[in-house]
Amino acid sequence: MWFAATLPTSPAPSAVMEFKDYYAALGVDRTATPDEIKRAYRQLARKYHPDVSQEPDAEARFKEVGEAYEVLKDAEKRAAYDEAGRRWSQRGAGAEPPPGWDAGFEFSGADFGEAMAGDEADYSDFFEALFGRHMRGARASARAARGDGRAAGTMHAMRGEDHHAKIDIELEDAYRGAQRTLTLRMPVADGQGQVHLQQRQVEVTIPPGIRAGQHLRLAGQGGAGFNGGPAGDLYLEVAFKPHRHYRVDGRDVTLELPVAPWEAALGAAVVVPVPNGPVELQIPAGSKAGRRMRLRGKGLPGPTPGDFYVVLQVVLPPADSDAAQAAYRALQQSAGTFNPRAELEAQR
Amino acid sequence: MSATPTPNAVIVEEAIEFTLDELGRATRTSTRWLVTLVDEGVIAPTQRSGAPMQWRFSGDALRRARQAARLARDFELDLHGVALAMDLLQQIERLKQRLAAAGVRD
């Protein structure tokens with residue numbers, strides 16, 4: 001699940017349920033054989049899986065593909081989906097789904113992959129309507145089989161499930177720490193046992209020194225407990241938004257610093273923008289382009305704080321005036337036998 | 001709904017140790033499957049003496065176990081395939097970091 005961590009609320013889910021065309025999502029005919037469905041899924045999985053994909057928007061595309069396969073690979077679920085499709089198409093011109101389109105399906109042997117399944121809120125509202133209740137029932141049984149709590153359907157208190165989400169933060173947040181409000185979509189059952197995805201806000205304190213790829217655990221912010229059991233935990237995987245200027249590697253931060261040729265050649269005091277405050281840096285005379293300079297301990301904070309690296313990038317003023325051109329010619333004259341390609345020529 | 005303050009956001013990789021049960025709950029996998037991950041070398045307890053119930057895992061095991069579960073489920077891989085995929089992905093990640101450090105834009 002991705003959340004825009006800087007927004008206080010997300011737009012409300014659309015009131016009108018959309019019918020999801022799972023066959024189109026996999027690019028197969030409605031008459032496709034199980035083998036064809038598996039083959040189509042495998043190719044799309046390799047293309048769009050977030051762990052391996054280079055495609056933009058891979059995560060959203062893979063969700064579509066994964067959900068379609070989850071339904072079409074299983075004979076019972078596929079049959080229920082096809083039947084729901086027939087009912088839906090009988091609704092006529094209206095946008096509302098026909099009443100009862102998603103009711104009356106039972107799944108005896110259907111596999112909901114509960115052994116290693118993702119979060120419930122990863123599935124679309126459409127999937128939730130058709131399969132949600134059965135998925136949760138299967139998961140409860142699986143949890144019981146794993147020995148996690150007592151058998152499903154008893155009155156014993158059971159701990160709620162742990163949930164996972166991702167959060168994008170600014171590099172500056174990791175330097176100083178920050179408060180962020182997350183909006184989460186959680187399946188919630190109402191009085192009649194009907195489940196819909198509800199929004200809930202959670203305030204998160206981002207601790208300074210957090211690194212990309214690390215997780216935050218918010219105790220008790222996961223799924224609600226059962227029969228009075230404690231709530232599960234919420235895990236947040238942290239990623240940094242790409243920064244215009246800084247590159248981050250663990251706790252080390254690197255900045256390409258543009259300098260004028262005279263600053264590099266003659267030395268200069270320059271101000272370096274470090275995320276937690278500007279630092280004055282003395283560039284030694286005779287510095288070459290590409291020189292790496294280290295500001296020890298000015299990287300991300302932590303038990304061993306990271307370092308901040310400055311890489312000198314010499315930028316030439318344009319020779320766009322008579323005076324500038326004259327200055328360059330004078331420099332050329334004074335350089336004498338200076339040959340920047342000496343090393344290349346020596347190799348011949 | 002008003003926001004609930006959470007002063008207890010803890011960095012998992014630095015402050016948390018998991019038991020096998022806790023790791024199973026956090027990753028929605030069975031402890032039996034996690035033991036096969038340990039046997040395959042995908043995750044490793046900080047010390048392996050004693051029964052599995054006595055094992056403790058560092059916070060880093062959360063990320064690795066979740067990735068293993070995701071790869072197994074999404075690519076329908078067996079354990080050997082998962083282990084190989086994770087090794088390769090880790091190599092790719094390291095190479096990307098070296099490229100980034102050298103200033104090569106992706």
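Right above here is the structure, for reference.
Numbers given for residues are sequential positions, taken from 1 along each chain in its written order. As they are written, the chains are lettered A onward and the ligands numbered 1 onward, keeping that order. Restriction of local features to residues with pLDDT of at least 70 applies here, the model being predicted, together with a cutoff of 80 or more for giving and counting side-chain atom pairs; totals for whole chains, interfaces and linings are based on all residues. Side-chain numbers here rest on the full set of heavy atoms in the structure, without hydrogens or water.

Draft legend 1. Region of the structure containing the pattern of salt bridges. All names here are of chain A. Whenever a carboxyl oxygen of Asp or Glu lies within 4 Å of a side-chain nitrogen of Lys or Arg, that contact is scored as a salt bridge. Taken as a whole, this structure holds 20 salt bridges over all chains when the rule is applied. Put simply, Glu83 and Arg86 hold a salt bridge, and the shortest N to O gap is 3.1 Å. Residue Glu83 and its partner Arg86 are located together in helix H4 (residues 75–89), separated by three residues, close to a single helical turn. Any residue under 20% of the maximum accessible area for its type is buried, any over 50% is exposed, and the rest in between are partly exposed; the area is computed with a 1.4 Å probe on protein chains only. For Glu83, a relative accessible area of 27% corresponds to the partly exposed category. Using a relative accessible area of 46% as the deciding quantity, one classes Arg86 as partly exposed. The partner of Asp233 in a salt bridge is Arg217, and the shortest N-O contact between them spans 4.0 Å. Secondary structure elements follow DSSP: runs of H or I of four or more residues count as helices, runs of E of two or more count as strands, with numbering from the N terminus.

Draft legend 2. Up close: the nonpolar core. Within this scheme, the nonpolar core is defined by two criteria: the residues are buried Ala, Val, Leu, Ile, Met, Phe, Trp, Tyr or Cys, and they are joined through side-chain atoms within 4.5 Å. Of all hydrophobic cores here, the largest spans 57 residues; its most connected members are Leu26(A), Phe18(B), Leu37(B), Ile43(B) and Phe57(B). Tallying contributions element by element places helix H4 (residues 60–74) of chain B first for this core, with seven residues. Those residues within four positions of Ile43(B) in sequence are excluded, and the remaining contacts are Leu23(B), Leu34(B), Leu37(B), Val38(B), Phe57(B), Ala61(B), Arg64(B) and Ala65(B). Among the nonpolar cores identified, the runner-up in size contains 40 residues, and Tyr175(A), Tyr246(A), Val279(A) and Leu312(A) belong to it. Throughout, a residue-residue contact means that at least one pair of heavy atoms, one from each residue, lies within 4.5 Å.

Draft legend 3. Spotlight on H4(A). Residues and elements named next belong to chain A. In a helix, the anticipated span is given by 1.5 Å times the number of residues less one. Along its 15 residues, H4 runs 21 Å from first to last C-alpha, staying within 8% of the 21 Å computed at 1.5 Å per residue. Listing the buried residues of H4 in full gives Lys77, Arg78, Ala80, Tyr81, Ala84, Gly85 and Trp88. The arc enclosing the buried residues of H4, seen along the axis, measures out at 160°, which places them on a common side. With a side-chain oxygen positioned 3.0 Å from the backbone nitrogen of Glu76, the residue opening H4 is Asp74. Of all possible arcs, the one meant is that of the directions from the helix axis to the C-beta atoms. Under the rule applied, a polar contact is a pair of N or O atoms within 3.5 Å (in protein, one hydrogen donor and one hydrogen acceptor; residues adjacent in sequence only if both atoms are side-chain atoms).

Draft legend 4. Here's a closer look at the sheet that holds strand E7 (residues 246–249) of chain A. Residues and elements named next belong to chain A. Here we have four strands laid out as an open sheet, ordered E7-E8-E12-E11, and mixed in their pairing. The open sheet has two free edges, formed respectively by E7 and strand E11 (292–295), since each of these has just one partner strand. Each strand of the sheet is rotated relative to its neighbour by a mean of 25°, with strand direction disregarded. Two strands pair if DSSP finds at least two bridges between them. Inspection of the sheet shows E7 paired to strand E8 (residues 252–259) by four bridges, in the antiparallel sense. Lines fitted to C-alpha atoms define the axes, with helix axes restricted to the stretch in contact, and inter-axis angles between N-to-C directions lie between 0 and 180 degrees.

Draft legend 5. Molecular detail of the packing of aromatic side chains. Residue and element names in this part refer to chain A. Side-chain rings of Phe, Tyr and Trp, where Trp is taken by its six-membered ring, are said to pair if the distance between their centres is within 6.5 Å; with planes under 30 degrees apart they count as stacked, over 60 as edge-to-face, and otherwise as tilted. The full count for this structure, using the stated rule, is 15 aromatic pairs over all chains. Both rings, one in Tyr23 and one in Tyr81, keep their centres 6.0 Å apart while their planes meet at 45°; by these two values the pair is tilted. Pair noted here: Tyr23 is in helix H1 (residues 22–26) and Tyr81 is in helix H4, with a separation of 58 residues, a long-range link. Two thresholds decide whether a charge sits over a ring: the Lys NZ or Arg CZ must be within 6 Å of the ring centre and within 35 degrees of the ring normal. The positively charged end of Arg292 is found above the aromatic ring belonging to Tyr309, 4.2 Å away from the centroid.

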